[in-house]
Amino acid sequence: MTNTCIIRTETNTLALKGKKLLGTHGIRAETARTDAAGGCANGLRLPCESVGEARDILLRGGIPVLTDEKTERGKR
Amino acid sequence: MIYLDNAATTFPKPLVVTDAVSECLSDYCGNPGRAGHALSVRAAEAVYSCREAIAALFGSDCPENVVFSGNATGALNLALHGMLRGGDHVLISGIEHNAVLRPVHAMLGEGVTYSVYPASPDPDEVIRGLEKRLRPDTRLVVACHASNICGIVLPLAEIGAFCEKHRLRFVADVSQSAGKIPINIGEIGADAICAPGHKGLYGPPGVGFVLFGDKYRGENGKKLRPLLSGGSGSRSKEAEMPPFLPERLEAGTLPLPAIAGLEAGIRAVAAIGPERLAEYEGELAAKSADGLGDIPGVRVWLPGLVRENGIVLFTADGIPPEEVARRLDGRGICVRAGYHCAPLAHKTVGTPEGGAVRASFSMYNTENDVTALLEAMKEIVSER
């Protein structure tokens, strides 16, 4: 089973934009809700091995990325 | 029935719009952006897809700068309230709809003041009018792109350049031109363009939008003051609205079925081509204006401009406009009479007390509709 990670974005809309952007670079991600920052947080769920590349792509695409990533073992 | 009130709202809608609304209601009408379950996610993706279609239509690569509202009035209130503060002076054109005049007038109590600059298709005349009214405290210019009563189309690019030169914000009301006249938000230099979904974009009533310019990207969204505050689906523990667009300005549940229908409408318009639609509707308007102008006792206002946005404004000697509209309705023809929520525009055109009658066309009208209008007006005038 592959570990998945969540990259946090500021909003659900930016998560959706990020998902599309990552898709154009061959990285499959899904929008996610997380309990980070006390709840009602948004982000992208993707394979942990893609996190570094994905963060770079998102930042280059003007999508702010928050630092508190979360790892979910064995999901996906 | 012959429907010639398309400047109020287009009817009928393309079947793809009806289907999109129906599919949304029956298959995926969850609450977008509020949860991680499948229905909410699909709903959010539908909303985002419509944001993309709107951004693309107006040459923006910022779908997140599309903020949904209930209609164009909501969009204009949102933009004006977001940008203006007490002490600011605003310049609004002589063809503005009450959707601009009334919000700005209501802000007098907050210390906002406004002046009206002359509306004209001549760019030089418009810029001269703006320069004459420019004050040290002027902060914003509003321009109605295409009038909702006549063919006056304001030169947005020139107004945008004027605003850039004088460091003014620029709000364009494209309610009547969206879907007919190509508009690129970057090329016209607008801070915001506002439109309804249910007119030239053929969406259902219930949704409008503001597309904000690049300068409001990211955390710059917090420069905009929210008109409404409430649930946004994010940062729920915080008492303030989030700083990022669109969530900053979208409090409460979005009208998902209308948004789904709007996207279908935009794609239908794009498939045909806005210019082609404008040409077709302009041709019907021109034939109407020519025919009406040939009827003794009927006056067409600004007949030389009717091709610009497919609207014909006319009056009949001795018959009040609402009475003309009532008699046309009795013959199965839907038009709108009065001031069309645009007293400034009527003053600019110079219509008499009571306003005028407006016939406005869409892609679904035909030359037979024009013929029926002309025959009906001949009868009505002969009844005097």
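The following paragraphs examine the structure supplied in this document. For every chain, the first residue of the written sequence is number 1, and numbering continues from 1 onward in sequence order. Chains carry letters from A onward and ligands carry numbers from 1 onward, assigned in written order. pLDDT decides what is reported in this predicted model: residues at 70 or higher carry local features, side-chain atom pairs at 80 or more are listed and counted, and totals for whole chains, interfaces and linings draw on all residues regardless. For the side-chain quantities, the full set of heavy atoms in the structure was used; hydrogens and water were omitted.

Regarding the sheet that holds strand 13 (residues 356-360) of chain B
One key point about sheets: their strands pair by backbone hydrogen bonds, in either a parallel or an antiparallel sense.
Residues and elements named next belong to chain B.
And then number 1: In this scheme, strands are said to pair when DSSP sees at least two bridges between them. Starting at the N terminus, helices and strands are each numbered in turn, a helix being any DSSP run of H or I of at least four residues and a strand any DSSP run of E of at least two. One open sheet holds the 4 strands; their spatial order is 9-10-13-12, and the pairing between them is antiparallel. Two strands in the sheet have a free side with no partner beyond their single neighbour: strand 9 (298-301) and strand 12 (336-338). Pairs of neighbouring strands in the sheet enclose a mean axial angle of 30 degrees, with direction left out of account.
And then number 2: The sheet contact formed by strand 12 and strand 13 spans 3 bridges and is antiparallel. Residue Arg336 lies in a different strand from strand 13, and its bridge partner there is Arg358.
And then number 3: Packed onto the sheet, helix 9 (residues 274-293) meets strand 9 and strand 10 (311-316) and runs at close to 15 degrees relative to strand 10. Throughout, an axis means a line fitted to C-alpha atoms (over the contacting stretch in the case of helices), and angles, computed between N-to-C directions, take values from 0 to 180 degrees. Any two residues whose heavy atoms approach within 4.5 Å are treated as being in contact.

What about the pairing of strand 3 (residues 89-93) of chain B?
Residues and elements named next belong to chain B.
And then number 1: The buried fraction of strand 3 is high, at 5 of 5 residues.
And then number 2: Of the two faces of strand 3, both are covered, the one formed by His89, Leu91 and Ser93 as well as the one formed by Val90 and Ile92.
And then number 3: Pairing of strand 3 with strand 4 (residues 113-117), which is carried by 5 bridges, proceeds in the parallel orientation. The residue bridging His89 from the neighbouring strand is Thr113, located in strand 4.
And then number 4: A clockwise course of the path from the first strand over the helix to the second, judged with the strands pointing away from the viewer, identifies a crossover as right-handed. Taking the sense of rotation as the criterion, the β-α-β connection linking strand 3, helix 4 (residues 98-106) and strand 4 turns out right-handed.
And then number 5: Two elements, strand 3 and strand 5 (residues 138-144), share 4 bridges in a ladder whose sense is parallel. Note on strand 5: the bridge partner recorded for Val90 is Leu140. Only protein chains enter the accessibility calculation, which uses a 1.4 Å probe. A residue is then buried if its area is under 20% of the maximum for its type, exposed if over 50%, and partly exposed in between.

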